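# Fold and contact review
Read off the chains here:
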Amino acid sequence: MMNSHFRPMIARLSAAAAAAAAAVALLAAPAGAVAQELKIGYVNSDRMLRDAAPAKAAQAKLETEFGRREKELNDAAALIAQHCPDSIVVLGGDCLVSLAPFAHLLNKYGDKLGVLWVDSHPDVQTAKQYPNAHAHVLGALIGTGDEELVAHVATRLNPSKIMIAGIHAPLAYEADYLARHNIATIAPEHVKNGGKEVMAWIERENIEYLAIHIDLDVLDPSLFRSVLFARPGRGEHDFGDVAEGKLTIEDVLNLIAQATSKAKPVGLTIAEHLPWD
């Protein structure tokens, strides 16, 4: 089923397109004709959305993509349930690949599980802010955002059990979300200086087990080239000026070594590998 957030967005775009077309026609008409022939009517954007061929094609494409995503999530959950592992490692894919494995680990370990999210971004957006679900997954684990994703999480993740490492310059929505849910974060410079905040978080929250999510875009793209932000020929503002990674591989490895000396690792995701070179 198509995500309900997209229907009003497409409707608004259709209405805007109709209004623009009317304005162009008005400007192109002779002045006398405008005075004599001008008529104002109601544009039924719902009908336009329903009947227009491009809108139908766009809706069909979205429904296909959501259907494929739902099947992949269901297949992953079924495979995990079949084996019921105590620990899971996932390599490759975008950040959404952490949803099913981490949901399973939450069922198994409950509040003894902490999630160390090593990422330049918090991944707590919804389709209202950004359409791609890879930016929604941590929010879904908490129980917020897209209903289709949240439905895959039986045991919700307590925000106090989250530490986001390497994050900086969050978007306004993200910063507000983190503040409202009181989610702990550690900036790149503090990771580089030893990451003591992570050790304190593990102790404070009585975390016995760790699920570690590593989005490779936490790495400095000038040093590690197999990430989105290192795309060849990219322009300075091609990615909307969102935060780009500032850590080195050594920074991340040191952080993980310290964290796993305090709590047992039971989950690991390494996501967003894009080998341009």
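If you're wondering where the values come from, they're calculated on a predicted model, not measured in any experiment.

### What about the pairing of strand E5 (residues 209–215)?
Most of E5 sits out of view: six of its seven residues are buried. Of the strand pairs in this sheet, E5 and strand E6 (residues 264–271) are connected by seven bridges, and their pairing is parallel. Each bridged residue has a counterpart across the sheet, and for Ile212 the counterpart in E6 is Leu268. Of the crossover connections in this fold, the one passing from E5 over helix H11 (residues 249–260) to the parallel E6 is right-handed.

### Brief notes about the layout of surface pockets
The space that makes up the second largest pocket amounts to roughly 470 Å³. Taken together, 24 residues form the lining of the second largest pocket, with His121, Tyr130, His134, Phe229 and Val242 sitting closest to its centre. Residues of the lining of the second largest pocket, tallied by class, amount to 13 nonpolar, six polar and five charged.

### Remarks on the nonpolar core
By size, the foremost hydrophobic cluster in this structure holds 31 residues, and its most contacted members are Leu99, Trp117, Leu138, Leu141 and Ile164. Those elements that place two or more of their residues in this core are helix H5 (99–109), strand E2 (113–118), helix H6 (137–142), helix H7 (147–150), strand E3 (162–165), helix H8 (172–180) and E6. Formed by 26 residues, the second largest nonpolar core is a distinct cluster that contains Ile186, Val252, Ala259 and Ala263.

### Details of the sheet that holds E3
Judged by pairing direction, the sheet is parallel, and its six strands sit side by side in the order E1-E6-E5-E2-E3-E4 without closing on themselves. Of all the strands in the sheet, just strand E1 (88–91) and strand E4 (184–186) have a single pairing partner and so form its edges. Across the sheet, the mean angle from the axis of one strand to that of its neighbour is 15°, orientation sign disregarded. Two strands pair when backbone bridges link them, and E1 and E6 are joined in this way by four bridges, in the parallel orientation. Within E6, the residue paired with Val89 across the bridge is Leu268.

### Digging into a nonpolar patch on the surface
Taken together, the side chains of Leu228, Leu274 and Trp276 make up a nonpolar region of the molecular surface, amounting to roughly 230 Å² of accessible area. By secondary structure assignment, the location of Leu228 is in the loop between E5 and H11.

### Some points on the pattern of salt bridges
In this structure the tally under the stated criterion is eight salt bridges. The residue Asp86 makes a salt bridge to Lys108 at a minimum N-O spacing of 3.3 Å. One end of the pair, Asp86, is in the loop between helix H4 (53–83) and E1; the other, Lys108, is in helix H5, with 22 residues separating them in the sequence. Connected via shared salt-bridge partners are Lys161, Arg204 and Glu205.

### A look at H5
Counting buried positions along H5 gives nine out of eleven residues, so the element sits mostly inside the fold. By the burial criterion, the buried members of H5 are Leu99, Ala100, Pro101, Phe102, Ala103, His104, Leu105, Leu106 and Tyr109. Phi turns positive one or two residues past the end of H5, at Gly110, with a value near 55°.

### Comments concerning the side chain of Asp215
Summarising the element assignment, Asp215 is placed in strand E5. One buried charge, Asp215, has no salt-bridge partner; the nearest side chain with opposite charge is Arg234, at 13 Å. Residues contacting Asp215, with those up to four places away along its chain left out, are Cys95, Val118, Asp119, Ala271 and Glu272.

### With respect to helix H10 (residues 196–204)
Residues three or four positions apart in an α-helix share a direction because the helix packs 3.6 residues into each turn. By the burial criterion, the buried members of H10 are Val198, Met199, Trp201 and Ile202. Buried residues in H10, looked at end-on, bunch into an arc of 160°, giving them a common side. Residues of H10 that are exposed and point more than 90 degrees away from the buried face comprise Lys196 and Glu203. On the buried face of H10, the contacting elements are E2, E3, E4, E5 and H11. Where H10 ends, the next residue or the one after it, Asn206, has phi of about 55°, a positive value.

Cut-off values and rules
Residues numbered from 1 in each chain as written. Predicted model: local features only at pLDDT ≥ 70, side-chain atom pairs only at ≥ 80, totals over all residues. Heavy atoms only, no water. Buried < 20%, exposed > 50% of the residue type's maximum accessible area, 1.4 Å probe, protein only. Helix = DSSP H or I, 4+ residues; strand = E, 2+ residues; numbered from the N terminus. Pairing = 2+ DSSP bridges. Right-handed = clockwise from strand over helix to strand, strands pointing away. 1 Å grid on protein atoms, 1.4 Å probe; cavity = no way out; pocket = protein on both sides within 12 Å on 5 of 7 lines; lining within 4 Å. Points joined across faces, edges and corners; volume = space filled by probe spheres on them. Nonpolar A, V, L, I, M, F, W, Y, C, P; charged D, E, K, R; others polar. Core = buried A, V, L, I, M, F, W, Y, C linked by side-chain atoms within 4.5 Å. Axes fitted to C-alpha atoms, helices over the stretch in contact; angles between N-to-C directions. Patch = residues over 30% accessible without salt bridge, like charges linked within 9 Å, V, L, I, M, F, W, Y side chains within 5 Å. Areas by Shrake-Rupley, 256 points an atom, 1.4 Å probe, with all protein chains shown as cover. Salt bridge = Lys/Arg side-chain N within 4 Å of Asp/Glu carboxyl O. Lys, Arg positive; Asp, Glu negative; His and termini not counted. Contact = heavy atoms within 4.5 Å. Arc of directions from axis to C-beta.

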